[in-house]
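Single-letter residue listing:
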Amino acid sequence: MDLPTAWNLDDKSIYLSVDSSGLRVNYEGLGESEKETGVVRANNPILPYCKLFYFEVDIIDEGKNNIIGIGFCEKEVDLNRMPGWDDGSWGYHGDDGNLFCSSTSGNPYGPLFSTGDTIGCCLNFKNNTVFYTKNGINLGIAFRNLKGTLYPCVGLRSQGGSIEVNFGSRKFKFPATTSNDVGDELLKNKE
């Protein structure tokens, strides 16, 4: 099986458009209610045998209200709900800096993110953890005890919002998968 390489054009909300490269996503709605949330999943799941999987999302335009979530989810998750709001879904949101895991109530995690920022997400199947980066700064462990068949995903509900993903087809802006980022020492220091 293949690893994620682009967004799945057939696995997205009607509120999103994906460009011909399969990497850039634009929000097409007004973003006035939760019902206008749009999520897109990657074309392939992340395979645990790869041990580490890292991807970056460039925030091209935060849009009107900066509601952008970056994360991962199972195949069955609703594409009209932000990453992390439903079972089988996890996300880090730019408008409040919170983490969401199977709940619409977030937990404080990191800084807000907006236009010009690059958010990295690393799934570490060696120790079943996830961490995010913002502009190359490791924000610490976000989630533990990964389970299921997981797909990278991004959610938007911000008029004019636009992001672009890098699944590794080009050099990462902020490589985050060094031994310092994923070793046991990090787990002890970031808890």
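Here's a quick rundown of the structure. In this text, all values refer to a predicted model and were calculated from it rather than measured experimentally.

The biggest cluster of nonpolar side chains holds 38 residues, and the ones touching the most others in it are W7, F55, I70, F72, L123, Y132 and I163. Here the element with the most residues in this core is strand 5 (residues 52–61); it accounts for four residues. If you look at the next biggest cluster of nonpolar residues, it comprises five residues, including C73, V77, L79 and C153.

Before going further, it helps to spend a moment on the environment of L47. Its location among the elements puts L47 in the loop between strand 4 (38–42) and strand 5. Of the residues examined, L47 reaches a relative accessible area of 10% and is grouped as buried. Setting aside residues no more than four positions away along its own chain, L47 makes contact with M1, D2, L3 and F125.

Moving on, we get to unusual backbone geometry. Here the phi dihedral of K51 falls at roughly 70°; this positive angle occurs in a residue that is not glycine. Despite not being glycine, N145 shows a phi value in the positive range, around 60°. By secondary structure assignment, the location of N145 is in the loop between strand 12 (137–144) and strand 13 (151–156).

Inspection of the entire model under this criterion finds eight salt bridges. Residue D11 pairs with R41 through a salt bridge whose shortest N-O separation is 2.7 Å. Of this pair, D11 sits in strand 1 (residues 7–12) while R41 sits in strand 4, and the two are 30 residues apart along the sequence. For D11, a relative accessible area of 8% gives the class buried. Classification of R41 by relative accessible area gives buried; the value is 3%.

Definitions and limits used
Residues numbered from 1 in each chain as written. Predicted model: local features only at pLDDT ≥ 70, side-chain atom pairs only at ≥ 80, totals over all residues. Heavy atoms only, no water. Core = buried A, V, L, I, M, F, W, Y, C linked by side-chain atoms within 4.5 Å. Buried < 20%, exposed > 50% of the residue type's maximum accessible area, 1.4 Å probe, protein only. Helix = DSSP H or I, 4+ residues; strand = E, 2+ residues; numbered from the N terminus. Contact = heavy atoms within 4.5 Å. Salt bridge = Lys/Arg side-chain N within 4 Å of Asp/Glu carboxyl O.

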